[in-house]
Amino acid sequence: MARLMLSLDGQILAEYNMNKERYTIGRLPDNDIRIDNPAVSGHHSLIINILNDSFLEDLNSTNGTYVNGKLIKKHAMQHGDVITVGHHQLRFVDSQDGDTEQDEFEKTMVITPSSQGEERIRRVGAAVDQAAKAVAAKRPPSASPPDNAAALLPKAKLQVLSGALRAACEEMGVVLIRAAHSSNIKERRDASSALFDTRGEMIMQAEHIPVHLGSLPWGLARTLEVLAARGVTPAPGEQWIVNDPYVAGTHLNDVTVIRPIFVDGAIFGYACNKAHHADVGGAVPGSMSADARDLFGEGLVLPPLRIVRDGLVVDEIVELIRANSRSPEARSGDLRAQLAGNATGERRVLELVERYGVVAFDAAVERFLGESERLTRAALRALGAEVETGRRFVEQ
């Protein structure tokens, strides 16, 4: 008899008697790992499969399964083998359990996040909290929102404020798209805009590109973390640019621009957008080489950098980007369109703050976020506990 143990950062997540049954490893949102026995559960959206004779078999995983850096379909596991599935690296350890009479062996798979993947994600939460405390400390004491937004704004005005924020995000996108130089943004509209509060939490977004909108909160949090590590605090009249996927998410072509919004000398929120630039250098036109072996083969990597200082564009940054692109005029034109989009978002937020006041604005935002969470949780509960599976095919 053999046992399969799965541990994450030293904590045992699951342990199963294997016998002659087949156990599979997939992924779940809560702990990022799934172990299933298809004979019992009937669940077949599988990534890798380990049989009791220590063979690993790839069951049509999305990006393939690698053992010791080599793509495999089936592999006889050896002590010390390193398995790579998605962003995870798994180490297979085969050691005597000590009970020689029953001839048990312990099959242990130790999951460790990749250095540039999951570990960075785990640090985001702490980084956001740290950055939020730093900027919130500079807010006037009167800016703390009360518990009850209705005490400050009637329901009708709450809806007006919500609609105004939504319209502000849509207008940010309209300005960006109309001012852009490249057909990729002007015609394909491969760009997105959103507004964030002091903590870096998204408070409103336009109906743009889902992958952009999903990565913008993460990208803002990581950018604030990077700046905090440098000992830098964003200042009025600045905008920041970043396209490093390990900071901003997605890929190098998606350039994120962040504008901090200040009220009474303290950070009040952020106007952000992300746009797909058609060419940011690299081995091939379009910067998405299928033969690239690493990130540097795809194009220019930009860590968080000031692209606007004291209200003026930092020409050196723009020239650096132009020099690494096959279409420099379009690059500088699209960048200036992004800057204009964020300026529009800042202007609209400040108009709303002037109209309703800081306290009422903050209280309304808290109300919006709480209501969104309540509705989302209700929708998730309505789905029930059933497991849904799906399968699609894409020609490449």
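Before any of the text, the structure's been laid out above.
A short tour of the structure in this document, coming up.

Cut-offs and rules
Residues numbered from 1 in each chain as written. Predicted model: local features only at pLDDT ≥ 70, side-chain atom pairs only at ≥ 80, totals over all residues. Heavy atoms only, no water. Buried < 20%, exposed > 50% of the residue type's maximum accessible area, 1.4 Å probe, protein only. Helix = DSSP H or I, 4+ residues; strand = E, 2+ residues; numbered from the N terminus. Pairing = 2+ DSSP bridges. Phe/Tyr/Trp six-rings, centres within 6.5 Å; stacked < 30°, edge-to-face > 60°. Contact = heavy atoms within 4.5 Å. Expected span 1.5 Å × (residues − 1). Salt bridge = Lys/Arg side-chain N within 4 Å of Asp/Glu carboxyl O. Core = buried A, V, L, I, M, F, W, Y, C linked by side-chain atoms within 4.5 Å. Arc of directions from axis to C-beta.

Okay, the pairing of strand S13 (residues 191-197) next. Of all 7 residues in S13, 7 are buried; the element is thus mostly enclosed. The side-chain alternation of S13 yields two buried faces, one formed by Ala191, Ser193, Leu195 and Asp197 and the other by Ser192, Ala194 and Phe196. In the sheet, S13 pairs with strand S14 (residues 202-205) via 3 bridges, with the strands oriented antiparallel. Its bridge partner lying in S14, Ala194 is registered against Gln205. Connecting S13 to the next strand, S14, in antiparallel fashion are 4 residues, including Gly200 with a positive phi near 85 degrees.

Before going further, it helps to spend a moment on the packing of aromatic side chains. One pass over the full model with this rule turns up 1 aromatic pair. Relative to Phe361, the ring of Phe268 has its centre 5.2 Å away and its plane inclined at 50 degrees; by these criteria the two rings are tilted. Of the two residues, Phe268 sits in strand S17 (residues 266-276) while Phe361 sits in helix H10 (residues 358-383), which places them 93 residues apart along the sequence.

With that settled, consider the environment of Leu153. Take Leu153: it is sitting in the loop between helix H3 (124-136) and helix H4 (155-179). Assessed through its relative accessible area of 5%, Leu153 is described here as buried. It is 7.7 Å that separates the C-alpha atoms of Leu153 and Ala364, two residues lying 211 residues apart in sequence. Look past the residues within four positions of Leu153 in its chain and what remains in contact with it is Leu158, Leu161, Tyr356, Ala360 and Ala364.

The next subject is H10. Over its 26 residues, H10 extends 38 Å from the first C-alpha to the last, a length consistent with the 38 Å expected when each residue adds 1.5 Å. Turning to H10, its buried residues number three or more, namely Val358, Ala360, Phe361, Asp362, Ala363, Ala364, Val365, Phe368 and Leu369. In the stretch just after H10, Gly384 is the one whose phi turns positive, near 80 degrees.

Let us look at the pattern of salt bridges. For the structure on display, the rule yields 16 salt bridges. For the salt bridge of Glu225 with Arg222, the shortest nitrogen-to-oxygen distance reads 2.6 Å. One end of the pair is Glu225 and the other is Arg222, both in helix H6 (residues 210-230) and 3 residues apart, which spans about a single turn. There is no split in this pair, since Glu225 and Arg222 are both buried. Glu346 is the partner of Arg259 in a salt bridge, and the nearest nitrogen-oxygen pair spans 2.9 Å. Note that Arg259 is positioned in strand S16 (residues 254-263) and Glu346 in helix H9 (residues 328-356), a separation of 87 residues in sequence. For the residue pair Arg259 and Glu346, the accessibility class agrees, reading buried in each case. One connected set of salt bridges, linked through shared partners, spans Asp197, Arg199, Glu201 and Glu366.

Next up on the list: the nonpolar core. In terms of nonpolar packing, the biggest core is built from 26 residues, with Leu161, Leu195 and Phe361 touching the most fellow members. Mapped by element, the contributors of at least two residues to this core are H4, S14, S16, S17, H9 and H10. Top contributing element to this core by residue count: H10, with 7 residues. Residue contacts for Leu195: discarding those within four places in its chain leaves Leu165, Ala168, Cys169, Met172, Glu201, Met202, Ile203, Met204, Tyr270, Ala271, Gly345 and Val349. Counting 13 residues, the second largest nonpolar core, distinct from the first, contains Val314, Val318, Ile321 and Leu339.

A few words now on helix H8 (residues 315-323). For H8, the complete set of buried residues consists of Ile317, Val318, Ile321 and Arg322. Projected down its long axis, H8 shows its buried positions confined to an angular sector of 135 degrees, all on one face. Residues of H8 that are exposed and point more than 90 degrees away from the buried face comprise Glu316 and Ala323. Looking at the buried positions of H8, the neighbouring elements they touch are strand S15 (239-242), strand S18 (305-309), strand S19 (312-313) and H9.

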